[in-house]
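These are the residues of each chain, in order.
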Number of protein chains: 2
Amino acid sequence: MINRADCERLDRRDPLRRKRAAFRLPKGVIYLDGNSLGALPRAVPGRMRALIEQEWGEGLIRSWNEAGWIAKPAAVAARLAPLIGAAPDEVICADSTSVNLFKLLVAALRLRPARHTIVTELGNFPTDLYIAEGVRELMPGTHLNRVEASGLIRALDGDSAVLTLTHVNFRSGRVHDMAALTAAAHGAGALTLWDLSHSVGALPVDLAAAGADLAIGCGYKYLNGGPGGPAFLYVARRHQGAIRPVLTGWMGHAQPFDFAPDYRPAGGLTRLLCGTPPIFGLIALEAALDVWDGVDIALVRQKSVALGDLFVRLVEERLAGQDFVLASPRAGAERGSQVSFRHPEGYAIMQALIARGVIGDFRTPDILRFGFAPLYVRYQDVWDAVAVLGEVMADRAWDAAVHRRRAAVT
Amino acid sequence: MINRADCERLDRRDPLRRKRAAFRLPKGVIYLDGNSLGALPRAVPGRMRALIEQEWGEGLIRSWNEAGWIAKPAAVAARLAPLIGAAPDEVICADSTSVNLFKLLVAALRLRPARHTIVTELGNFPTDLYIAEGVRELMPGTHLNRVEASGLIRALDGDSAVLTLTHVNFRSGRVHDMAALTAAAHGAGALTLWDLSHSVGALPVDLAAAGADLAIGCGYKYLNGGPGGPAFLYVARRHQGAIRPVLTGWMGHAQPFDFAPDYRPAGGLTRLLCGTPPIFGLIALEAALDVWDGVDIALVRQKSVALGDLFVRLVEERLAGQDFVLASPRAGAERGSQVSFRHPEGYAIMQALIARGVIGDFRTPDILRFGFAPLYVRYQDVWDAVAVLGEVMADRAWDAAVHRRRAAVT
């Protein structure tokens, strides 16, 4: 049996151990929800103060050029490109993940005009499904085929325009085999569009090696860009010239400051910009990305798997017989950087955990979800989190929450 | 002839004079570009520090509920509703102006399914024209009729689905008669969609009194929300239930945290949200809107017209015979809060002005544009700006810039 001293030893040997100091983490909290909102990097507050007080306050309109604001969508994206196996000019930061998915789903259908079906997974993240529904309604003749993960390859056929999947499932944490699914899609003549929200910064992603066509992703989870920060989108260079944007805003124009009456798309990915770039979010994300300097993502993955394995083992050892059922793949290689357990009283248990400073989250109907951001979560945190979970169960600390909820329903 | 002492006297009598202290303005600068990027309200840096260090850093994921982040799109919009003659539940903050225009143009075409034409002004702000082009391409059979301002009413016919206009023209500053044009559109069976980017916070806007159907607007000009901050959209209550969103992201779902597989629109304007709300921009805008507490927008308008009139008069008196041609309406009532002059060397003159601390902007082909944000621009600033313009012309300070530009072109 492993004990806390073993976990501390693992922390001392952890090659990423120094990275934790790059974050401001609240005292008395074990934060296992960095897969939903990443923690605050220490570099961000000062950089944001300079943005607000100097660049905006003193520089005013001049800062669009003099502080380089206008170039931030491309510049910030270039910083994260290495994390996803992209060239710097294959990624750009813009809008939200949902809006970017809309742009690229429409683009994919336009790149395959003789085909009409969007193939995706039934259990995909809901906004991905909803956006696809919106595109189906908008583009006459479009079909949306939502199938179980095991049936995806079978679902690909001559009418498939695009296979769109979230790389790591938000509930179970299961990782799709990007290379195999991309090959299958290409074999059927379809494009692939990957949502990297739950994988970028958590595990190695190599869009180029997988031959992926399109991707989107989120800046505020493992990239720690802050609440509602801008998302990014990826288009393989071979497709960039053929993309006809659907959100034809001025920032995607070839010469926005000519104020010409007719739309003419910019070269490269700039054409996928739409409105004025969200500078607050871009600068926060840029500062947050400094954390990744010198980080070997293979080491991040190694630690992520080890943390998840440790968590599964400790929950199963120490809470045996208490109705926790693993809802994630047991094999670390098939799992992203999160572990989910089902429990009939999952909601109440998570409330009790949060009240005691262990922050994970709950996903309907009965899933307790724990994320392990390897840059700031330690092995001892995993130990302590399970210890607190044990206390919560021993004290039946979640009873009160169950009763409150039942009272509210009746 | 008016002199500087007269201007100082006007400032002392200005009922808005105390508002200037609510802004941080750089020393040595006369800022006449608040119509492009508003100045920094003093309340913003502290509020942003609290957002970043406490709400994000300490509260982490909990702040979506505990700090009310999730409610900010509606709450911040409710603060600006009085400035545009809207009820609090008729406005919501989201995305960019361009993205919001896309949402509402599609919505308008869906509300008038038997009609296919978007009518707009040739000289509309380019992103408005570009987005309309994108919608035309996307929705088969859609026509885009771009006409001169004088021909708008004539252009409305039985195929017109929506008349979309920017309330104040970005080049000339001319104000459209919102009530008259809305009545004409309604007479032809069409809806109206107003872009308020250059009017909100600059002059009284009364969407309800005008009977307007839809509107969008920008948070970072006269509302001082900061670079690339979120925009807003308005839908008159009578239309809200019938709006079928096109960007069907999870934040517009009736129950986003049920993570249901099928899209079901939320009630009211929430359905027009798409992705995760941009919290940095929303909080900055919220703090910036404090400036408007107790401000009578009629007084803002009065001062705005007076500043513009003074600027026109001083330029024409003091720079007579130097090729400045007024490009804005002479009558203050027909003008927004900006004044434009044409000059063959407009670009170079504006560069020289900026180098001497008078910040306006240049719009192709030959327009020098000066904005007067009445909350922080004084009569003495107008005097001083024209004095500096006089020095620039007397010194031919712009010559160097002309030569640099000519050298660069050849």
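In what follows, the structure referred to is the one given above.
Residues numbered from 1 in each chain as written. Chains lettered and ligands numbered in written order. Predicted model: local features only at pLDDT ≥ 70, side-chain atom pairs only at ≥ 80, totals over all residues. Heavy atoms only, no water.

Would you mind showing me how to read the overall build of chain A here?
A count of helices and strands for chain A gives 15 helices and 15 strands. The C-alpha atoms of chain A give a radius of gyration of 22 Å, which matches the 22 Å a tight globule of 410 residues would have. For chain A, the spread of C-alpha atoms along the principal axes amounts to about 70 × 55 × 45 Å. When the 410 residues of chain A are sorted by exposure, 64% land in the buried category. In chain A, of all internal contacts separated by at least 6 residues, the share reaching a separation of at least 24 is 71%. (Helix = DSSP H or I, 4+ residues; strand = E, 2+ residues; numbered from the N terminus. Rg over C-alpha atoms; globule rule 2.2 N^0.38 Å. Buried < 20%, exposed > 50% of the residue type's maximum accessible area, 1.4 Å probe, protein only. Contact = heavy atoms within 4.5 Å.)

Looking at this structure, how should I read the sheet that holds strand S12 (residues 338-342) of chain B?
Think of a sheet as strands paired side by side through backbone hydrogen bonds, with each pair either parallel or antiparallel. Residues and elements named next belong to chain B. With antiparallel pairing, the 4 strands of this open sheet are ordered in space as S11-S12-S15-S14. Each of the sheet's edge strands pairs with one partner strand only, and the pair in question is strand S11 (325-326) and strand S14 (361-363). Where S11 meets S12, 2 bridges bridge the pair, whose relative direction is antiparallel. Paired with Leu-326 across the two strands is Phe-341, which belongs to S12. In this fold helix H12 (residues 297-318) packs onto S11, S12 and strand S15 (367-371), with an angle of close to 25° to the strand it touches most, S12. Where helix H13 (residues 346-355) meets the sheet, its contacts fall on S14 and S15, and the angle it forms with S15 comes to roughly 40°. (Pairing = 2+ DSSP bridges. Axes fitted to C-alpha atoms, helices over the stretch in contact; angles between N-to-C directions.)

Explanation requested: the interface of chain B and chain A in the structure shown.
When the parts come together, some accessible area is lost, and that loss is often what is quoted as the size of the interface. Taken together, the 80 residues of chain B in the interface contact 80 residues of chain A. Of the roughly 6700 Å² buried where chain B meets chain A, counting both sides, 66% is carbon and sulfur surface. The tally of links between chain B and chain A comes to 6 salt bridges. Between Arg-244 of chain A and Glu-137 of chain B there is a salt bridge, with the nearest N and O atoms lying 2.3 Å from each other. Counting every contact that joins chain B to chain A gives 34 residue pairs in polar contact (both at pLDDT 80 or more). Every element with two or more residues in the side of chain B that touches chain A is listed here: strand S3 (40-41), helix H2 (43-58), helix H5 (97-111), helix H6 (126-138) and helix H11 (279-289) of chain B. Along the lines of polarity and charge, the residues of the side of chain B that touches chain A split into 46 nonpolar, 18 polar and 16 charged. (Buried area = accessible area lost by both parts, 1.4 Å probe. Salt bridge = Lys/Arg side-chain N within 4 Å of Asp/Glu carboxyl O. Polar contact = N/O pair within 3.5 Å; in protein donor to acceptor, adjacent residues only side chain to side chain. Nonpolar A, V, L, I, M, F, W, Y, C, P; charged D, E, K, R; others polar.)

Would you explain the environment of Gly-390 of chain B in this entry?
Following the sequence through the fold, Gly-390 of chain B ends up in helix H14 (residues 379-395). A sequence separation of 287 residues divides Gly-390 of chain B from Lys-103 of chain B, and the C-alpha atoms of the two residues are 46 Å apart.

Would you mind showing me how to read the nonpolar core here?
Buried together is how nonpolar side chains tend to be arranged in soluble globular proteins. Within the largest apolar cluster, 303 residues are counted, with the highest numbers of intra-cluster contacts made by Phe-102 of chain A together with Phe-102 of chain B. Setting aside anything within four residues of it in sequence, one finds Phe-102 of chain A in contact with Ile-131, Val-135, Leu-138, Val-246 and Leu-247 of chain A together with Phe-102, Val-246 and Leu-247 of chain B. (Core = buried A, V, L, I, M, F, W, Y, C linked by side-chain atoms within 4.5 Å.)

How do you make sense of the pattern of salt bridges when you look at a structure like this?
Where charged atoms from two side chains of opposite charge come close, those side chains can pair. Residues and elements named next belong to chain B. In the structure shown here, the tally under the stated rule is 52 salt bridges over all chains. Between Arg-4 and Asp-384 there is a salt bridge, with its nearest N and O atoms 2.7 Å apart. You can see Arg-4 sitting in helix H1 (residues 4-13) and its partner Asp-384 sitting in helix H14, a full 380 residues away along the chain. A salt bridge links Arg-174 to Glu-334, with the nearest nitrogen and oxygen atoms 3.2 Å apart. With Arg-174 in the loop between strand S7 (160-166) and helix H8 (178-187) and Glu-334 in the loop between S11 and S12, the pair connects residues that are 160 residues apart, well separated along the chain.

Got a minute to help me understand the sheet that holds strand S9 (residues 214-217) of chain A in this structure?
All names here are of chain A. Here we have 7 strands laid out as an open sheet, ordered S4-S10-S9-S8-S7-S5-S6, and mixed in their pairing. Lying at the two open borders of the sheet, with one neighbouring strand each, are strand S4 (91-94) and strand S6 (143-147). Averaged over all pairs of adjacent strands, the angle between their axes in this sheet comes to 20°, without regard to strand direction. By the bridge criterion, 5 bridges tie strand S5 (residues 117-121) to S6 in an arrangement that is parallel. Within the sheet, the bridge partner assigned to Glu-121 lies in S6 and is Val-147. Sitting on the sheet, helix H8 (residues 178-187) touches strand S7 (160-166) and strand S8 (191-195), and the angle it makes with S8 is about 150°.

Explain the side chain of His-198 of chain B here, please?
Structurally, His-198 of chain B is set in the loop between strand S8 (191-195) and helix H9 (207-210). Apart from residues no more than four positions distant in its own chain, His-198 of chain B is found in contact with Asn-35, Phe-125, Thr-166, Val-168, Phe-170, Leu-203, Lys-221, Tyr-222, Gln-338 and Arg-369 of chain B.

Explain empty space enclosed by the protein here, please?
If you roll a probe as big as a water molecule over the atoms, it shows you where there is empty space left. Under the criterion given, the structure shown has 5 cavities of 30 Å³ or more. Taken as a whole, the largest cavity spans an internal volume of roughly 540 Å³. Looking at the largest cavity, it is lined by 45 residues, and the ones nearest its centre are Asp-95, Ser-96, Gly-228 and Gly-229 of chain A together with Thr-276 of chain B. The residue makeup of the lining of the largest cavity, split by class, is 23 nonpolar, 17 polar and 5 charged. Taken as a whole, the second largest cavity spans an internal volume of roughly 80 Å³. Forming the boundary of the second largest cavity are Pro-45, Met-48, Arg-49, Ile-52 and Glu-53 of chain A together with Pro-45, Met-48, Arg-49 and Ile-52 of chain B. (1 Å grid on protein atoms, 1.4 Å probe; cavity = no way out; pocket = protein on both sides within 12 Å on 5 of 7 lines; lining within 4 Å. Points joined across faces, edges and corners; volume = space filled by probe spheres on them.)

Remember that the coordinates give geometry; whether it matters functionally is a separate question.
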